[in-house]
Structures are given as C-alpha cells and as structure tokens.
Amino acid sequence: MNKRFLIIVLALVLCFGTMLMLVACNKDLPPAHQHTMKLITALDDNVCVEKEGDFECWYCEECNKYFGDSEGVVELTQDEMSVFEHKGPFENLHGLMTVMENGIRQGGIYTCENCKKDYQKETTAKELGMPIINFEGDIKDVSKENEVMIKVAYDDGENIVFDSYATIKLQGSSSLMYPKKNYTIKFYKDDKADKKNKIDLGWGKENKYCLKANWIDPSNARNVVSGKIYNDILKTRDNLNENLKNAPNGGVVDGYPVVIYNNGEFLGLYTLNIPKDKWMFGMEMEEGEKKALLMADDHLADLREPIDSKFTHWEVEECSTGEDTAWVRESFNNFINFLNESDNEIFKAQAEKYVDIDCAIDSMLMTFMASATDNTQKNIIWATFDGVKWIPSIYDMDGTWGSYWNGDIEADGRLLEIDPTGEFEYYNLLWQRLIKVFGKEVKARYNQLRTNVVTEENLANYFNEFFELIPEFVFISEDNKWGDGFKYDYKANLTNIFEFIKYRLVYMDEQIAKFE
C-alpha cells in the first residue's frame, strides 16, 4: 500500500515539474504569427487570368504564403498556385525596366499572350533586337584616373556572345560633369590585366573601345552618323591617303547603339565606338618609325601659336616613340610656323608638304555642313604617318546638326557661320588660309559632293538607318532613366535634325557659291 502511494506521489511530482518547465520555456517563445493579408484578384499583374472573378486568394507578405481564405486557415499548395502563373508565350517586348524589381535582371516588359497583361522578365539581346552589355562589378568609384576591373557579358543577339574581364574608366573632358558617363573599356583575359583579350566587334580584333553616353544628344545618332557621312565623303577621293583607305572608318569615329546594364540594372542607351586610338587610323607602330596622333584639346589649339614644351592645349594620344614626343612637337610646329609665315603664293605651292590639303578641305566642309560649333578649333585630331605631313580628322561630333555643345537644339541653318572672306574669328588659321587661297578648290569640291553624298535625301537616310536600329521604347526607357533639363523629347529632336539638314544646305549653297 505504502509502495503504491509513493509511486502515485512521484508521478504527480514529475507531471507538475514538467508543466512548470513548459511554462518557463513558453515565456521565451515568440508570439504566434499573425498573418498580414493582401487580397489578390484576377486584376493583379502577376496573375495569369483573363476575367475578373476567375481568381481570388490572400497572400501574407511576412510568411510568403498564399491562402484560400482571409483567416489564413487553408494554405494553397504550389501546384494550386502554379495554375495561375504566367507561362507565356511572352511576346511584344515594349519596355525596359529602368530599376531592378523583384530580383529580375535585365528586365523587359512583355505581353503575356494568354491573359494579355504586362509581364516582367529578363530580356535577351535577340528579343531586344540590339546588343546588350552587362557590367558585373562595382563601378561607383570609377573616374578618369581610377580604372576599375569588372566582368563584362556581351551579347549581340546574333553571332557575338562572350564573357570577359575588362577595365573601365571615365572618358571625356566637359562630359565628366554630366550624370551619365562615357567609358573607355579594355578587355583582358584575366583579372590581373596581364594579357589583352582582343575581340572583333565589327572592325577587327581589338581590346580597347569607347562607350559613349551621348548625354547632350537624345537621338544618340549625331556622333556616329557624322562619322559615317565623313567616311563616305573621303571615299569619293580617288587619291585618298592609303592609310585612311585601310583604316576602319577613314580615321573617324564609327559605332553602333547598345544597351548597357550594371549588375542587371538598366544603365542606359549608349553607342559602342572606335576609340581615340591608333587603330582608329589603322596605325601600326613599329620601331624606327615616326607616327603619332595629336589632339587639339581646347579652343586655343587654333594653329596661331607654336606648341610649347608642355603641350598646353594639346595632347599626344599615340606616339611610335613612346614617351619621347619632342619630335612630335617639332614636326607640328614646322607646320604651324609655315602656316603663319608663308605668303599666299608659297602657301599654295608648298602646303601639301606639311598637311593633306584634300583632307583639310573635306574636314572643314564636313564641319560646316554639320554645323559642328565645337570643332572649329578643338576636337580636331591630327595624324602623321611619316613624321612630316599631317592629316586632320574630326572627333567628338555630338554637338552637331542643330545641337549646341550643351544640348540645346536649333533648326536655324545658320548656326555656324560660313564666311567667304575667311575672316571669321572662330576659324582655326588653316581654315582661314584654305578659304582665302584654295577658295575655288573648296567650292569645286563642295559642288561635287552635292551631287552624291551631300543631298538632303541622302543625309536623312543616314540618320533613318541609325534610328531603325533602336526600338522606340528604348528611347522612352532612356528618358525615364536619365530625363532632366538636358534631355528632350527624342521625337522632336529627330524632327529638328531633318529640318536642320534642309535649312543648312540652303545656307551652305548660298555661302559656298561666294568662295573665290
């Protein structure tokens, strides 16, 4: 009897102790989850149902679960929910996500052909119809001086798909102040940048390219299209310098539009261009040769004063003798001194020893035609293949065709004055002398070009061909991303280009006819 009583007492003690332990433990447990419900109906973009009333459920954002009732009692299984997920086909890509949402990289806005709703998913270059470049890495600290190593994925939607290590740094001068940046990009085979990764992106295998933001030009066309026009102008010369014949685009910029992402988030519409580099001129550097590229950096590089020992107002972009650039300065100063000191008779007879007169005339006419107000003294790049004779070319032509350097647009065909006397103060000295001494040759060349390359219809076609490469919604996405005081309605900008061409040719015809 006593034994049975002790067993009962012991059992009661154990039960009571267990209860006390459970109570103590429960004090440390979090309160039961309270669902925060959101009603989802057929109207929700993420629900693939055509008619309202065909679908209704509740979603708790905290526990990420779906329920068939507002109390959260009946949880819906993945199979039950999958019936209402978008499965495509997804067609009619009509927008780009400018901000990454829901973890969707390279997001595009499509139409779900089943329910006709907009649907967001990762887009591809093939679906977009133009190349996509994705920077993988942190680029917030990149500057003109600070080159950053990243990974790059490139896909043109057709034949060229690759991943590569690359360095990027900011490119440009006045453009550095703009929110959207230009980049110089160089491809490498490893993250140490020990070995160049030369890739053919349209002009032969090279590792260095330029990605232009075209901040002041909402059309994104002016710079690249101007380069194509100028190259075609040069090609009409039977005696064109052989080096320019063999260059990728006649020693002038060339490129095509691309869309760039950074870590899957939309960075913007760019053009991938030939860089300011020796390969732009097809220039091979070999020991013992004297070859160089010299850039006019500002408006004081107007050929009226010799270059000083510090190359103030100038920059040596490429030199076959590396850091030894003394001969570059001496050679170009020989040209400048001749330009300043020779009389008209000697200038006409001997100028060809120092400068390619045909290219000088063509580059001047191209600058006049495009009304390139920022290229009359600066943004002229000079090339020599023998250390004696210099060939001028044009660079950085986004402030053209009715656009000022700051992005303002104007359809007035008289934007850059054409002075038949050659006295206009903003001309470089070579232009002044060409107009005064080679006026008849300038007029004859212009009249020849007006019969082929330089017609209103032909010039408009250059721009139309470029615009066809870019879907309209890409321009809209670009404005959504970067639109502010500098960015204008791109359609109005395109209309301005065509109006400017018409008015500019009328003005040029009138003024060039006065050249003697």
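Further up the page is the structure itself.
Residues numbered from 1 in each chain as written. Predicted model: local features only at pLDDT ≥ 70, side-chain atom pairs only at ≥ 80, totals over all residues. Heavy atoms only, no water.

S.K.: Before we go on, may I ask you to explain the overall build of the protein chain in this structure?
M.R.: Looking only at helices and strands, the protein chain features 13 helices and 19 strands. Counting over 516 residues, the protein chain shows a buried share of 50%. Contacts spanning at least 24 positions in sequence make up 64% of the contacts within the protein chain whose residues lie at least 6 apart. Accessible area for the protein chain stands at about 25400 Å²; split by element, carbon and sulfur atoms hold 49% of it. (Helix = DSSP H or I, 4+ residues; strand = E, 2+ residues; numbered from the N terminus. Buried < 20%, exposed > 50% of the residue type's maximum accessible area, 1.4 Å probe, protein only. Contact = heavy atoms within 4.5 Å. Areas by Shrake-Rupley, 256 points an atom, 1.4 Å probe, with all protein chains shown as cover.)

S.K.: Sorry if this is basic, but what is going on with the packing of aromatic side chains here?
M.R.: Geometrically, a pair of aromatic rings is defined through the distance of the ring centres and the angle of the planes. A full pass over the atoms with the stated rule returns 30 aromatic pairs. When the ring of Tyr 183 is compared with that of Tyr 270, the centres are 6.3 Å apart and the planes differ by 35 degrees; the resulting orientation is tilted. With Tyr 183 in strand E10 (residues 182–188) and Tyr 270 in strand E15 (residues 265–273), this residue pair connects regions lying 87 residues apart in the sequence. Aromatic ring contacts, followed pair by pair, group Tyr 154, Phe 162, Phe 187, Trp 203, Tyr 209, Tyr 256 and Trp 279 into a single cluster. For the cation-ring pair, Arg 433 lies above Phe 347, with the distance from its terminal atom to the ring centre recorded as 4.5 Å. (Phe/Tyr/Trp six-rings, centres within 6.5 Å; stacked < 30°, edge-to-face > 60°. Lys NZ or Arg CZ within 6 Å of the ring centre and 35° of its normal.)

S.K.: It is not clear to me how the layout of surface pockets should be interpreted in this structure. Could you clarify?
M.R.: Vacant regions in the atomic arrangement are exposed by a probe of water-molecule size rolled over the atoms. One number sums up the size of the largest pocket: a volume of about 820 Å³. Of all the secondary structure elements, the ones that give two or more residues to the lining of the largest pocket are strand E9 (161–171), E10, strand E13 (208–212) and strand E17 (314–319). The class makeup of the residues in the lining of the largest pocket is 10 nonpolar, 10 polar and 15 charged. (1 Å grid on protein atoms, 1.4 Å probe; cavity = no way out; pocket = protein on both sides within 12 Å on 5 of 7 lines; lining within 4 Å. Points joined across faces, edges and corners; volume = space filled by probe spheres on them. Nonpolar A, V, L, I, M, F, W, Y, C, P; charged D, E, K, R; others polar.)

S.K.: Can you walk me through the sheet that holds strand E7 (residues 132–136) in this structure?
M.R.: Strand pairing in a sheet takes place through backbone hydrogen bonds and is either antiparallel or parallel in direction. The mixed closed barrel is built from seven strands, whose spatial order is E7-E8-E9-E10-E13-E15-E14. Averaged over all adjacent pairs, the angle separating strand axes in this sheet is 40 degrees, with direction ignored. For strand E8 (residues 148–155) and E9, the ladder comprises eight bridges, and the chain directions are antiparallel. For Ala 153, the partnering residue across the bridge sits in E9 and is Asp 163. Packed onto the sheet, helix H4 (residues 222–235) meets E13, strand E14 (255–262) and E15 and runs at close to 15 degrees relative to E15. Sheet strands in contact with helix H12 (residues 472–482) are E14 and E15, and its direction is about 120 degrees off that of E15. (Pairing = 2+ DSSP bridges. Axes fitted to C-alpha atoms, helices over the stretch in contact; angles between N-to-C directions.)

S.K.: Would you mind showing me how to read the side chain of Asp 156 here?
M.R.: As for its placement among the helices and strands, Asp 156 is situated in the loop between E8 and E9. Engagement of the side chain of Asp 156 in a polar contact is seen with the backbone nitrogen of Glu 158, the distance being 2.8 Å. From its side chain, Asp 156 meets the backbone nitrogen of Ile 160 in a polar contact 2.9 Å long. (Polar contact = N/O pair within 3.5 Å; in protein donor to acceptor, adjacent residues only side chain to side chain.)

S.K.: For this particular structure, what's the right way to read empty space enclosed by the protein?
M.R.: With the rule as written, the count across this model stands at three cavities of 30 Å³ or more. Taken as a whole, the largest cavity holds about 70 Å³ of empty space. Lining the largest cavity, in full, are Leu 303, Ala 360, Ser 363, Thr 367, Ile 380, Trp 382, Pro 392, Ser 393, Ile 394, Asn 428, Leu 430 and Trp 431. Every element with two or more residues in the lining of the largest cavity is listed here: helix H8 (357–370), strand E18 (380–384), strand E19 (391–394) and helix H9 (429–437). Of the residues in the lining of the largest cavity, the class split is eight nonpolar, four polar and no charged. Of the pockets and cavities examined, the second largest cavity occupies roughly 40 Å³. In terms of lining, the second largest cavity is formed by Ile 233, Leu 365, Met 366, Met 369, Tyr 446, Leu 449, Val 454 and Met 508.

S.K.: Explain the sheet that holds strand E16 (residues 292–296) to me, please; I cannot follow it from the model alone.
M.R.: Reading across the sheet, the four strands line up as E17-E16-E18-E19 and stay open at both edges, with antiparallel pairing between neighbours. In this open sheet, the two edge strands, each paired with only one partner strand, are E17 and E19. On average, each strand axis in the sheet is inclined to that of its neighbour by 25 degrees, with strand direction left out of account. The pairing of E18 with E19 spans four bridges and is classified as antiparallel. Paired with Trp 382 across the bridge in E19 is Pro 392.

S.K.: Could you clarify how one ought to interpret the environment of Val 474 in this entry?
M.R.: Tracing the chain through its elements places Val 474 in helix H12. Each C-alpha atom of the pair Val 474 and Val 259 lies 8.4 Å from the other, and the pair is 215 residues apart in sequence. Beyond its immediate sequence surroundings of up to four residues, Val 474 is in contact with Leu 96, Leu 128, Met 130, Val 259 and Leu 269.

S.K.: Looking at this model, I keep getting lost on the nonpolar core. Mind explaining?
M.R.: The nonpolar side chains of soluble globular proteins are, as a tendency, buried together. By size, the foremost hydrophobic cluster in this structure holds 132 residues, and its most contacted members are Phe 135, Trp 382 and Trp 401. When residues of this core are assigned to their parent elements, the largest contribution, 10 residues, is made by H8. The contacts of Trp 382, once residues within four sequence positions are left out, are Ala 292, Leu 293, Leu 294, Leu 303, Trp 314, Phe 332, Phe 335, Val 355, Trp 390, Ile 391, Pro 392 and Leu 430. Core analysis: the next-biggest nonpolar cluster, separate from the first, contains nine residues, Val 49, Tyr 59, Leu 76 and Met 81 among them. (Core = buried A, V, L, I, M, F, W, Y, C linked by side-chain atoms within 4.5 Å.)

S.K.: Quick question: what am I supposed to make of the environment of Asp 163 here?
M.R.: Structurally, Asp 163 can be placed in strand E9. Taking the C-alpha atoms as reference points, Asp 163 and Lys 189, 26 residues apart in sequence, are found 9.7 Å from one another. With residues near it in sequence (within four places) discarded, Asp 163 still touches Val 152 and Ala 153.

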